[in-house]
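Chains, contacts and geometry: an overview
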There are 2 protein chains.
Amino acid sequence: MRAVVHAGAGGPDVLSIRDIGDPSPGPGQVRVRVRASALNRADILQRKGRYHAPPGWPADIPGLEYAGEIESVGAGASRWAAGDRVMGLVGGGAHAELLVVPEDEVLPVPAALDFPEAAAVPEAFLTAFDALTVRGHLQRGQRVLIHTVGSGVGTAAAQLAHAMGATVLGTSRTAEKLERARALGLDVGIDTSHGSFADRVGEPVHLVLDTLGAPAFADNVAVLAPLGRLVLLGFLGGSRGEIDLGPVLRKRLEIIGTVLRTRGPGERAALADAARTGLIPLLESGAVRPVIDRRLPMAAIAEAHRAMEGNGTFGKIVLEW
Amino acid sequence: MRAVVHAGAGGPDVLSIRDIGDPSPGPGQVRVRVRASALNRADILQRKGRYHAPPGWPADIPGLEYAGEIESVGAGASRWAAGDRVMGLVGGGAHAELLVVPEDEVLPVPAALDFPEAAAVPEAFLTAFDALTVRGHLQRGQRVLIHTVGSGVGTAAAQLAHAMGATVLGTSRTAEKLERARALGLDVGIDTSHGSFADRVGEPVHLVLDTLGAPAFADNVAVLAPLGRLVLLGFLGGSRGEIDLGPVLRKRLEIIGTVLRTRGPGERAALADAARTGLIPLLESGAVRPVIDRRLPMAAIAEAHRAMEGNGTFGKIVLEW
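Basis of the calculations
Position numbers for residues start from 1 in each chain and track the written sequence from start to end. Throughout, the order in which chains and ligands are written sets their labels, letters from A for the former and numbers from 1 for the latter. Where local features are concerned, this predicted model is filtered to residues with pLDDT of at least 70; where side-chain atom pairs are given and counted, the filter is 80 or more; whole-chain, interface and lining totals use all residues. Calculated side-chain values reflect all of the structure's heavy atoms, with hydrogen atoms and water omitted. Put simply, DSSP H or I for four residues or longer makes a helix, DSSP E for two residues or longer makes a strand, and each gets a number counted from the N terminus. Using a 1.4 Å probe on the protein chains alone, a residue whose accessible area is under 20% of its type maximum counts as buried, one over 50% counts as exposed, and one in between counts as partly exposed. The contact rule is simple, with two residues in contact once any of their heavy atoms fall within 4.5 Å. Every accessible area reported is derived by Shrake-Rupley at a probe size of 1.4 Å, with residue values counting cover from the shown protein chains alone. In this tally Asp and Glu are treated as negative and Lys and Arg as positive; neither His nor the chain ends contributes. To locate a charge, take NZ of a lysine, CZ of an arginine, CG of an aspartate or CD of a glutamate. The copies were overlaid by least squares, fitting only the C-alpha atoms of residues that reach a pLDDT of 70 or more in each copy. For helices, the fitted line uses only the C-alpha atoms of the stretch in contact; every axis is such a line through C-alpha atoms, and the angle between N-to-C directions lies from 0 to 180 degrees. Relative orientations are named as follows: roughly parallel for angles under 35 degrees, roughly antiparallel for angles over 145 degrees, roughly perpendicular for angles from 65 to 115 degrees, and oblique for any other angle. In this count, Pro and Cys sit with the nonpolar residues alongside Ala, Val, Leu, Ile, Met, Phe, Trp and Tyr, while Asp, Glu, Lys and Arg are called charged and the others, Gly among them, polar. Under the pairing criterion, centres of Phe, Tyr and Trp rings, with the six-membered ring standing for Trp, must be within 6.5 Å; the plane angle then separates stacked pairs below 30 degrees from edge-to-face pairs above 60, leaving the rest tilted. Two thresholds decide whether a charge sits over a ring: the Lys NZ or Arg CZ must be within 6 Å of the ring centre and within 35 degrees of the ring normal. Buried area, as used here, totals the accessible surface that two parts lose on assembly, with accessibility defined by a 1.4 Å probe and the loss added over both. What makes a salt bridge here is a side-chain nitrogen of Lys or Arg within 4 Å of a carboxyl oxygen of Asp or Glu, nothing more. Boundaries between domains were set according to an automatic or database domain assignment. Counted as a polar contact is a pair of N or O atoms within 3.5 Å, where, for protein atoms, one must be capable of donating a hydrogen and the other of accepting one, and residues adjacent in sequence contribute only when both atoms are in side chains. A pair of strands is treated as paired once DSSP finds two or more bridges between them. On a range of 0 to 100, pLDDT expresses the predictor's confidence in each residue. Note on handedness: a crossover is taken as right-handed if, strands pointing away from the viewer, the path from the first strand over the helix to the second is clockwise.

**A word on the overall build of chain A**
- Along its length, chain A carries 10 helices and 16 strands.
- For the C-alpha atoms alone, the extent of chain A along its principal axes is close to 55 × 40 × 35 Å.
- Scored against the burial criterion, the 321 residues of chain A give a buried share of 57%.
- Contacts in chain A between residues at least 24 apart in sequence constitute 69% of all its contacts with a sequence separation of at least 6.
- Carbon and sulfur atoms make up 51% of the accessible area of chain A, which totals about 11800 Å².
- Counting 33 positive and 35 negative side-chain charges, chain A places the centres of these two groups 3 Å from one another.

**A short note on the relation of the copies chain B and chain A**
- Superposing chain B onto chain A requires a rotation of 180° together with a translation of 0.0 Å along the rotation axis, leaving an RMSD of 0.0 Å. One copy is carried onto the other by what is essentially a two-fold rotation axis.

**Some words on the packing of helix α3 (residues 122-135) of chain B against helix α8 (residues 265-278) of chain B**
Residue and element names in this part refer to chain B.
- Closest axis-to-axis distance for the α3/α8 pair is 11 Å, and the angle between their directions is 90°. Classified by the angle their axes make, α3 and α8 are roughly perpendicular. Counting all contacts with α3, which are made through L126, F129 and D130, the residues of α8 involved are L271, A274, A275 and G278.
- Split by residue class, the contact of α3 with α8 holds 5 nonpolar, 1 polar and 1 charged.

**What to know about the packing of aromatic side chains**
- What the rule picks out here adds up to 0 aromatic pairs over all chains.
- The ring of A:Y51 carries the charged tip of A:R261 above its face, separated from the ring centre by 4.9 Å.

**Some words on the interface of chain B and chain A**
- On the chain A side, the residues contacting the 31 residues of chain B number 30 residues.
- Roughly 2700 Å² is buried in total at the junction of chain B and chain A, and carbon and sulfur atoms are behind 54% of that figure.
- Looking only at chain B, the three residues that lose the most surface to chain A are B:L245, B:L249 and B:R252, adding up to 27% of its buried area.
- Counting the contacts that link chain B with chain A gives 6 salt bridges.
- For A:E254, the salt bridge is made with B:R135, and the minimal N-O distance between the two is 3.2 Å.

**What to know about the domain arrangement of chain A**
Residue and element names in this part refer to chain A.
- Domain boundaries assigned for chain A yield domain 1 (2-121 + 281-320) and domain 2 (124-257).
- The distance between the C-alpha centroids of domain 1 and domain 2 comes to 27 Å.
- Of the roughly 1400 Å² buried at the junction of domain 1 and domain 2 (both faces included), carbon and sulfur atoms supply 64%.
- Linking domain 1 with domain 2 are 0 salt bridges, by the criterion used here.
- The tally of links from domain 1 across to domain 2 stands at 6 residue pairs in polar contact (both at pLDDT 80 or more).
- By residue class, the composition of the side of domain 1 that touches domain 2 is 10 nonpolar, 4 polar and 4 charged.

**Considering unusual backbone geometry**
Residue and element names in this part refer to chain A.
- The phi dihedral of N311 is positive, around 60°, even though this residue is not glycine.
- Within the secondary structure layout, N311 lies in the loop between α10 (301-309) and β16 (316-320).
- Overall, N311 belongs to the partly exposed group, its relative accessible area being 32%.

**Section: α3(B)**
- With 12 of its 14 residues buried, α3(B) lies for the most part within the structure.
- Count one or two residues on from α3(B) and you reach B:H137, which has phi positive near 50°.

**A word on the side chain of A:R268**
Residue and element names in this part refer to chain A.
- Here R268 shows up in helix α8 (residues 265-278).
- Although R268 is buried, it forms no salt bridge, and the closest oppositely charged side chain is E105 at an N-O distance of 4.2 Å.
- Of note is the side chain of R268, whose polar atom sits 3.0 Å from the backbone oxygen of R263.
- Here R268 is in contact with W57, L89, V90, G91, E105, L260, R261 and R263, once residues within four sequence places are set aside.

**What to know about the sheet that holds strand β10 (residues 188-191) of chain B**
- One open sheet holds the 12 strands; their spatial order is β10(A)-β9(A)-β8(A)-β11(A)-β12(A)-β14(A)-β14(B)-β12(B)-β11(B)-β8(B)-β9(B)-β10(B), and the pairing between them is mixed. The outermost strands of the open sheet, each flanked by one partner alone, are β10 (188-191) of chain A together with β10 of chain B. Averaged over all adjacent pairs, the angle separating strand axes in this sheet is 15°, with direction ignored.
- Lying on the sheet, helix α5 (residues 175-182) of chain B is in contact with β9 (167-172) and β10 of chain B; it crosses β10(B) at an angle near 170°.
- Strands β8 (143-146), β11 (205-210), β12 (224-232) and β14 (254-257) of chain B of the sheet are contacted by helix α6 (residues 214-223) of chain B, whose axis makes an angle of about 140° with β12(B).

**Considerations on the confidence of the model for chain A**
- For chain A, the average pLDDT comes to 95, and 100% of its residues sit at 70 or higher.
- Interface confidence in the predicted complex, given as ipTM, is 0.90; pTM for the same model is 0.91.

**Looking at the environment of B:T155**
All names here are of chain B.
- Within the fold, T155 resides in helix α4 (residues 152-163).
- Sequence separation between T155 and A128 is 27 residues, and the spatial gap between their C-alpha atoms is 9.0 Å.
- The residues touching T155, leaving out its near neighbours within four places in the chain, are V149, G150, L184, V291, F314 and G315.

**What about the pairing of β8(B)?**
Residue and element names in this part refer to chain B.
- A two-sided burial pattern is seen for β8, the buried positions comprising R143 and L145 on one face and V144 and I146 on the other.
- Here 4 bridges tie β8 to β9, and the two strands are oriented parallel to one another. Pairing of V144 across the sheet is with V168, part of β9.
- As for the winding sense of the linkage, the β-α-β connection from β8 through α4 to β9 is right-handed.

**Here's the deal with the pattern of salt bridges**
- According to the stated counting rule, one finds 36 salt bridges over all chains in the structure shown.
- The salt bridge involving A:R240 is made with B:D244; its shortest N-O contact spans 3.4 Å. Highlighted residues: A:R240 in strand β13 (residues 240-244) and B:D244 in strand β13 (residues 240-244), drawn from two different chains.
- Two residues, B:D104 and B:R79, come together in a salt bridge whose shortest N-O distance is 3.2 Å. Highlighted residues: B:D104 in the loop between β6 (98-102) and β7 (106-108) and B:R79 in the loop between β4 (65-73) and β5 (85-89), separated in sequence by 25 residues.
- For B:D104, a relative accessible area of 36% translates into the label partly exposed.

Okay, structure coming up:
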């Protein structure tokens, strides 16, 4: 099979497509013919040598999500049959033509979506779904602030929060991204290209989905209502800084770190189960939909990395075989 | 009635006992003849002018917990009758002979306890109970690290965690306090008078109850297992410092601030309800018991403050009328 492979750590040009051996499905696993994958910030970090694949996943093939067809099944795997349209998350290896995954971690592709659209779903929507519901406990009528709302996770979270009946606030450094996010359910857009967001939030929020990290911590905590939750999804501004925990105690806040990639098989299967009932129906009905910035052939992987690093994208960059 | 009153902010000598007007119970309230109260760190902070009583509670009378008898009941209050032995938490005003409280926030005094013992229960045990169970989700067989385990909250938490079937680790800067805590269920005592606790914890813990704050944050996070919880109860070492949020995300931790005093009536009543079923039976059976460092007459309030500030106490300082 062909796969994207890292030739060491560095710029986008360390990535190339090579012919390598096909993986074989073990017991309880399925082999997927990957039709499309999508790009994530973690792929950039991994390329730079700053983020390694967790144990049990290919170390040199990037890619955290896929859509395609079941190609064959391993011993004892009974959930899927050859030809089924599937999508899902992996700890690595999704930028390949063939991928082996535990059958319990696989999700069906909603009928309304083609493969490139489906490839834009798993990381963004499972991250947002998990952050809003499982970790964030968002309730109808509450207010949620979503940072970098034009990102893959941001556009998914805005739609899901809107579908859940929340008031959705979002930040971006680009006014045009905020404008586009309005069509997805964003109620209040905050342009952070000039000044802090804290004084433009208004009424306190019950939940913040943060991708900014330490530089935004004080303002995130300041805009939270008592018993509010701050879910940490990433650190675009760095993870380290001078931080005051005082308001966390006084307002009885919860600061919750979350990342999908390091989860073990049991947790991945549990999240897939939760998504079957809580997320897939919203995709089937069209209440939420993947937001795709552009589709590129897998051979343009270096161009895809450059586009993501340029921060000019809105939604996901999809890679097709 | 007589009450302890602050004459401005300052040292222990700003406290004195004065004659002031009796409070009257409003609808749904009861008036308690206070027999004993106990001292808390928040009383020290309040005396120094660094912590104010929340709205609705006496601003100039300290005291956050009481034990005594129901003296009279307000209109519509039906839960208690004159003479009932009761105890509970208040937002302030407990260092007085009479105290008015909503009847739903009052707890019965277990038969095994006299008033001074009962006065040592509410803050320590409700804080520990809430931190371990409601916020900390401690499960049988898990490991919990309790900082300043010789304090009122620490001695309560060690006993409760032991009764819940957890392995209990605790820190103190005083070897003798660790030795005394062993009799309360402490399994592993860590003397922090020399060096960090982090390399002496061994296997990761599932829960940390922290009273140290920012200086201990990195080590607290380091000793937590994935999905572990750090409950912030106080900041003896300060709340502000250089903090790295990276491990919070990677290990998917939860940092949870909690404080009892600022809670509104609904939350106070809910905690009292939870304590009726989850905590009072443990006190009734003797599975857990208040730990009293010393009993002093209320007139010795300044001496009580000095003793707490000296950090030589083990358990609660009780004040009797």
